[in-house]
Amino acid sequence: MGMYEDVFRASTEDPESFWLDAAEGIDWDVVPRRALDSSGAPFYRWFPDGRLNVCFNALDRHVDAGRGDQPALVYDSPVTGTLRTYSYARLRDEVAVFAGALARLGVERGDRVVIYMPMVPEAAVAMLACARIGAVHSVVFGGFAPRELALRIDDAAPKVVVSASCGIEGKRVIAYKPLLDEALELAAHKPEKSVVLQRPQAPADLGPDDLDWADLVAAAPPAECVPVSANDPLYILYTSGTTGKPKGVVRDCGGYAVALHWSMGAVYDIGPGETMFTGSDVGWVVGHSYIVYGPLLVGATTVLYEGKPVGTPDAGQFWRVAAESGVKTMFTAPTAFRAIRKEDPEGTLAAHHDLSALRYLFLAGERLDPETYRWASALLDVPVIDHWWQTETGWPIVANPVGIEAAPVKPGSPTRPLPGWDVRVLDASGRPAPEGVDGAIVVRLPLPPGALPTLWNDDERYIASYLSAFDGYYLTGDSGHIDDDGYVFVMGRTDDVINVAGHRLSTGSMEEALAAHPDVAECAVIGVADPLKGQVPRGFVVLKAGAAREPGEVEAELVQLVRDRIGAVASLKDVAVVAALPKTRSGKILRKTMRGIADGRDEPIPSTVDDANVIDALRPVLRSTGDGGSNT
Ligand code: COA
Ligand code: AMP
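The residue numbering used here restarts from 1 in each chain and proceeds along that chain's sequence as written. Chain letters start at A and ligand numbers start at 1, both assigned in the order the entries are written. Owing to the predicted nature of the model, reporting of local features is limited to residues with pLDDT of at least 70; listing and counting of side-chain atom pairs is limited to 80 or more, with chain, interface and lining totals taken over all residues. The side-chain figures draw on all heavy atoms in the structure; neither hydrogens nor water molecules are used.

Quick question: what am I supposed to make of empty space enclosed by the protein here?
By rolling a water-sized probe across the atoms, one finds the places where empty space is left. Grid points spaced at 1 Å and placed over the protein atoms alone form the basis of the search, with a cavity being a set where a 1.4 Å probe fits but cannot get out and a pocket an open set showing protein on both sides within 12 Å along at least five of seven lines. Lining residues have an atom within 4 Å of a point. Grid points are joined across faces, edges and corners, and a volume is the space filled by probe spheres set on the points. Scanning the entire structure with this criterion turns up five cavities of 30 Å³ or more. Here the largest cavity defines a volume of roughly 90 Å³. Lining the largest cavity are 14 residues, and of these Glu 148, Arg 152, Ser 240, Ser 506 and Ser 509 sit closest to its centre. Residue classes follow a fixed rule: Ala, Val, Leu, Ile, Met, Phe, Trp, Tyr, Cys and Pro count as nonpolar, while Asp, Glu, Lys and Arg count as charged, and any other residue, Gly among them, counts as polar. Tallied by class, the residues present in the lining of the largest cavity amount to four nonpolar, seven polar and three charged. Lining of the second largest cavity is provided by 13 residues; of these, Val 384, Asp 386, Val 409, Lys 410 and Ser 413 occupy positions nearest its centre.

Can you walk me through the site of ligand 2 in this structure?
Whether a residue is near a molecule or strand depends on its heavy atoms: if one lies within 4 Å, it is near. If you check the shell around ligand 2, you find 15 residues, and the closest are His 387, Thr 391, Asp 478, Arg 493 and Arg 504. N or O atoms within 3.5 Å of each other form a polar contact, as long as, within protein, one can give a hydrogen and the other can take it, and as long as residues adjacent in sequence are counted only when both atoms are side-chain atoms. In the environment of ligand 2, a nitrogen atom lies 3.0 Å from a nitrogen or oxygen atom belonging to the backbone of Gly 365. All accessible-area figures derive from a Shrake-Rupley calculation using a 1.4 Å probe, and residue coverage is judged against the displayed protein chains alone. With the chains in place, 94% of the 490 Å² that ligand 2 exposes on its own is no longer accessible. Class assignment of the residues belonging to the shell around ligand 2 gives a composition of four nonpolar, five polar and six charged.

Just to check I follow, could you spell out the site of ligand 1 for this structure?
Around ligand 1 lies a shell of 26 residues, among which Glu 169, Arg 172, Lys 308, Arg 563 and Lys 573 are the nearest. Contacts to ligand 1 include Arg 563, whose side-chain N or O atom sits 2.8 Å from an oxygen atom. Between an oxygen atom of ligand 1 and a main-chain N or O atom of Val 569, the distance comes to 3.3 Å. With the chains in place, 84% of the 940 Å² that ligand 1 exposes on its own is no longer accessible.

I'm lost on the domain arrangement of the protein in this one. Help?
An automatic or database domain assignment provides the domain bounds reported here. By domain assignment, the protein separates into domain 1 (88–226) and domain 2 (501–622). We call two residues in contact whenever any of their non-hydrogen atoms come within 4.5 Å of each other. Listed by partner, the interface residues are seven residues for domain 1 and eight residues for domain 2. Taken together, the two surfaces of domain 1 and domain 2 that pack against each other cover about 610 Å², and 53% of this comes from carbon and sulfur. By definition, the buried area sums, over both parts, the 1.4 Å-probe accessible area that each loses when the two are put together. Interface area lost by domain 1 to domain 2 is led by Phe 144, Ala 145 and Arg 147, which between them contribute 54%. A pair is scored as a salt bridge if a Lys or Arg side-chain nitrogen falls within 4 Å of a carboxyl oxygen belonging to Asp or Glu. Where domain 1 packs against domain 2, one counts zero salt bridges. At the junction of domain 1 and domain 2, the tally comes to one residue pair in polar contact (both at pLDDT 80 or more). Across the side of domain 1 that touches domain 2, the residue classes tally to three nonpolar, one polar and three charged.

Where do I start with helix 17 (residues 591–598) in this structure?
Structurally, the α-helix is built with 3.6 residues per turn, so residues lying three or four positions apart point the same way. Inspection of helix 17 places Thr 593, Met 594, Gly 596, Ile 597 and Ala 598 among the buried residues, and these make up the whole buried set. Under the DSSP-based scheme used, a helix requires at least four consecutive residues in state H or I and a strand at least two consecutive residues in state E, with every element numbered from the N terminus. Buried positions along helix 17 lie against strand 29 (520–530), strand 30 (534–543) and helix 18 (612–623). Positive phi appears at Gly 600, one or two residues downstream of helix 17, with a value of about 80°. We call a residue buried when its accessible area falls under 20% of the maximum for its residue type, exposed when it is over 50%, and partly exposed in between, using a 1.4 Å probe and counting protein chains only.

Help me understand helix 15 (residues 507–515), please; the structure alone is not making it clear to me.
Burial of helix 15 is extensive: seven of the nine residues sit out of reach of the surface. Those residues of helix 15 that fall on the buried side of the exposure criterion are Thr 507, Gly 508, Ser 509, Met 510, Glu 511, Ala 513 and Leu 514. Its side-chain oxygen placed 3.1 Å from the backbone nitrogen of Gly 508, Ser 506 serves as the N-cap of helix 15.

Whenever I open this one, the packing of helix 6 (residues 146–156) against helix 7 (residues 177–186) confuses me. Can you help?
Two numbers describe a pair of packed helices, the interaxial angle and the distance between the axes. Between N-to-C directions, angles cover 0 to 180 degrees, with each direction set by a line fitted to C-alpha atoms, over the stretch in contact for helices. Packing of helix 6 against helix 7 leaves a shortest axis separation of 8 Å and a crossing angle of 50°. Here helix 6 lies oblique to helix 7, going by the angle between them. For the element pair helix 6 and helix 7, the recorded crossing hand is right-handed. Residues Pro 146, Arg 147, Leu 149, Ala 150 and Ile 153 of helix 6 form the contact with helix 7, whose own contacting residues are Leu 179, Leu 180, Glu 182, Ala 183, Leu 184 and Leu 186. To sort the angles, those under 35 degrees are grouped as roughly parallel, those over 145 as roughly antiparallel, those from 65 to 115 as roughly perpendicular, and the leftovers as oblique. Handedness of each helix crossing follows the sense of rotation of the near helix against the far helix: counterclockwise by less than a right angle gives left-handed, clockwise gives right-handed.

Even after reading the chapter, I still don't get the sheet that holds strand 25 (residues 473–482), so can you show me in this structure?
By way of backbone hydrogen bonds, the strands of a sheet pair with one another, either parallel or antiparallel. Pairing within the open sheet is antiparallel, and its four strands lie in the order 23-24-25-26. Taken across any chain shown, the strands that pair with only one partner, and hence form the sheet edges, are strand 23 (423–426) and strand 26 (488–493). Neighbour to neighbour, the strand axes of the sheet diverge by 50° on average, direction disregarded. Strands are labelled as partners when DSSP assigns at least two bridges between them. Pairing between strand 24 (residues 439–444) and strand 25: five bridges, direction antiparallel.

Please explain the state of the cysteines as it appears in this structure.
Should the sulfur atoms of two cysteines be covalently bonded, the bond is a disulfide. Cysteine sulfurs are considered disulfide-paired once they come within 2.5 Å of each other. Going through the model one piece at a time under the given rule, you end up with zero disulfides. Cys 55 supplies the cysteine sulfur nearest to Cys 130, a cysteine that is in no disulfide, at a spacing of 10 Å.

Is there a simple way to explain the nonpolar core in this structure?
One broad trend across soluble globular proteins is that nonpolar side chains are buried collectively. Only buried residues count toward a nonpolar core. Its members are Ala, Val, Leu, Ile, Met, Phe, Trp, Tyr and Cys residues joined through side-chain atoms within 4.5 Å. By size, the foremost hydrophobic cluster in this structure holds 119 residues, and its most contacted members are Trp 19, Leu 91, Phe 98, Leu 128, Val 162, Tyr 268 and Tyr 293. If you tally residues by element for this core, the top one is helix 5 (residues 121–133), at ten residues. Not counting the four nearest positions on each side in its chain, Phe 98 is found in contact with Val 125, Ala 126, Ala 129, Val 162, Val 195, Trp 213, Leu 216 and Val 217.

Quick question: what am I supposed to make of the pairing of strand 11 (residues 193–197) here?
One face of the sheet, then the other: side chains in a regular strand alternate in exactly this way. Within strand 11, four of the five residues are buried, leaving the element largely enclosed by the surrounding structure. When strand 8 (residues 160–164) meets strand 11, the two strands line up parallel, connected through five bridges. Paired with Ala 164 across the strands is Leu 197, a residue of strand 11. As paired elements, strand 11 and strand 12 (residues 210–212) share three bridges and run parallel to each other. Bridging across to strand 12, Val 195 finds its partner in Leu 211.

When you look at the pairing of strand 7 (residues 136–139) in this model, what are you seeing that I'm missing?
Here strand 7 shows two buried faces, one formed by Val 136 and Ser 138 and the other by His 137 and Val 139. Pairing analysis gives four bridges linking strand 6 (residues 112–116) to strand 7, with the strands arranged parallel. Looking at the pairing, Arg 112 lines up with Val 136 of strand 7. By definition, the crossover connecting two strands over a helix is right-handed if that path, from the first strand to the second, turns clockwise as seen with the strands pointing away from the viewer. Each parallel crossover has a hand, and for strand 6 linked through helix 5 to strand 7 it is right-handed.

What is the right way to look at the packing of aromatic side chains in this model?
Each aromatic ring pair is characterised by the separation of its centres together with the angle its planes make. Centres within 6.5 Å make a pair out of two Phe, Tyr or Trp rings, where for Trp the six-membered ring is used; the pair is then stacked when the planes are under 30 degrees apart, edge-to-face when over 60, and tilted otherwise. Applying the stated criterion across every chain yields a total of 33 aromatic pairs. Summarising the aromatic geometry, the rings of Phe 18 and Trp 19 are spaced 4.9 Å apart at their centres and angled 85° between planes, so their arrangement reads as edge-to-face. When the ring of Trp 19 is compared with that of Trp 46, the centres are 6.4 Å apart and the planes differ by 70°; the resulting orientation is edge-to-face. Linking Trp 19 in helix 2 (residues 15–22) with Trp 46 in strand 2 (residues 45–46), this pair joins segments that are 27 residues apart in sequence. Judged on exposure class, the residue Trp 19 and its partner Trp 46 are both buried. Aromatic ring contacts, followed pair by pair, group Phe 18, Trp 19, Trp 28, Trp 46, Phe 47, Trp 262, Trp 395 and Trp 421 into a single cluster. Positioned above the aromatic ring of Tyr 86 is the side chain of Arg 90, whose terminal nitrogen or guanidinium carbon lies 4.3 Å from the ring centre. For a lysine, the NZ atom is tested; for an arginine, the CZ atom; a charge sits over a ring if that atom is within 6 Å of the ring centre and within 35 degrees of the ring normal. The ring of Tyr 487 has Lys 410 sitting right over it, with the charged end atom 4.6 Å from the ring centre.

Dropping the structure here:
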C-alpha cells in the first residue's frame, strides 16, 4: 500500500508542491508560481497567476509535438452506420475553423455558448472551439425538454446556441430543432444566433436567425488559441439540485486541466496513444471529463459512441467498440452493464470479439451493486473499478487508482479517497461518525483543483447548498461510511436527488411539474429501487376536492406532463392518485418513510407522524411494483 499512501500523504502534507508538480503536465502561456489562493475563502482559486488555453493543451500541442496523425477521436455510431476517425491534426483544424466561425458571430472571451446536441463529433468540436477562443460552453443533455433547455438558456444567457437537426435515440429519430425553437420561445433571454448541424436523417427548416453549420464553416477562417486566466470559466454544466432550478456548476480552466491530466494517468492508467472508451453522453460530466477533455489532454484516443449499450442493434456493441478501437480503459455506468446482462446473461456476445487490449472497466454514476460487479469481473476478467464522484467535483473523489497502485477491491466500496480529497463522515451534529457508521459524507475545504469554484452567478447558492451544513466542509449530498481500512462506502443521497440509469434527476423538479396540473392538490415523488435503472421515480398525488376526473385519466396526463416539462429522461412512468399523503404534525411529507416502504424495508413509523392510518392505507400502493393504479 506504500505507493498510494505516499502519494496521498504528499497531497495532504504539501498540496502546493503536489499540485504545482501536477501542473507541469500542462503547457502554460504563463506558468503559475502558486497553486492555491485562499485569500477569498471559502472561494478558493487554483493557479491564480497561470495563463493557458485548454484547447491548445487538448489538441495543438500534440500536433506540434509531431503526433498530428495519431487518432484523437473515433466516432463510432451504429445508429447511422458510421465509423470515422479524426486525427489530432484534423480535429485541431476542424475546431479552429468552428472557433473562427463563432468568432465571426461575435463570440468573445467570456461569452457563453449553449450546446444542445446529440452524440456527434461536432458536439466535441463545438466545446473545444469555445475553449479555443475563451468562450464558456454549456452543454445541455439532449434528453431534456424545451422548458429545461429554456431554464438553462436564461441562466447562462448565451450569445449563440449550437444544435443539430436531430438526434437518434435507439431506433427513433428525434427532431431537435423544434425542441430548440420551443425553448427559445419560452426563454426570456434571446441568443443572437442558432447554429444548426444538418443531419440527413431529419434536416431542419432554418429560420432567419438560424445558420447552417456547413455554410458557416465553409466561410470561416481558423482561429488561434486565446490564452486566458487559469481562473476563467471553461464551462457551466447544469445539474439537478433540490428545486426545479438547476445548479450551474462552474468549471475553471487551469485547475480542471491539471486535475484531469493527472487523473488520466493516476486513476485510469491512460497515456499518449492509448484508447479510452467512455460510454456516456457529452451532456453529463462524465462526457465532459472523460469523453472530451481528459483523454485529449494526455494525447490519448477517445471513442465517441452514438448508440446504446443494448438495442443498437444488440448487447454486443460495447465489446465490438472495445475490440475495433483497441480500447484499454472502458468507463460507463453500472446500469449499462445491467442492461447488457439482461439481454445477454451469459455474456456470449463478448466471446465474438477480441478484448485482449482491454485492461480495466471503470464504473460510476450510481452505486455499483455487488452482483453487477461480480458479473462484469467474471465476464471480462479485468479489474472492475467502482469510483465515486459528482458533476460538482469534475473528477473522481474516491477510486482505486490503478495508475498509482491497485488496491484489493471490496465489493460495494469505490475504495479510498484520491489524493487531494480529504473525505470525512460526520453525524448530524457535525462530529466525526464512528468508523463504519453511516453519516454525511463531506470533504474538508479547500477542494482540490478541478472541483467547482462556485455556481454560475450565484455565490450565495453555492454556500447555501454546499458549505453551510458543516463549517469548513463541502457537503457531497451522499451518505455512507468509512471502514477501518479507510475504504469509503457510498450508500445514497440525503437530498431530493435520484439517479435513474446513471442520470442525475431532481424529484423536487418532478413535484413542481406534477403540482402544475390543475387537479393536483399535493404530491410527492420518490426514487425507488429498480433492477435495471438503479432507481426510478414514482409519483403520488392527491387530487383537489371536487376534481371530478377518473384517476386513471389524470395519472396518464401527469406522466405526460412530466415528460413534456422535464423530458423523456425523467423516466416517470408511474403516478398514482391516492387519498392522502403521510405527513408529520408540522405538515412535512414523510418521503423517506414512503421510500423505505416502497423498497421493501421494515421502515419504522416516525413518532412525529400526524396520522398513522394514512401510511397503512398507502402501504399496498407503495409495495406494488409500480404499475400505477389509484387508491382513492
Ligand atoms: N435524447 C432524447 N431522448 C433521450 C436521450 C437523448 N439524448 N437519452 C435518453 N432519452 C430518452 C430515452 O429514449 C427514453 O425514452 P422512452 O421513455 O421514450 O423510452 C428516456 O429518455 C429514458 O432514457 P433512459 O433512462 O436512458 O432509458 P433507456 O431505456 O433509453 O436506456 C440504458 C437505458 C440503461 C440502456 C441507458 O440509460 C444507458 O445506457 N445508460 C448508461 C450510460 C449513461 O448514459 N450514463 C450516464 C452517466 S455515466
Ligand atoms: P452526477 O453529478 O450526475 O455525476 O451524480 C453524482 C451522484 O451520483 C453522486 O452524488 C452519487 O449519489 C451518485 N454516484 C456517482 N458515482 C457513484 C458511485 N460510484 N457509487 C455510489 N453513488 C455514486
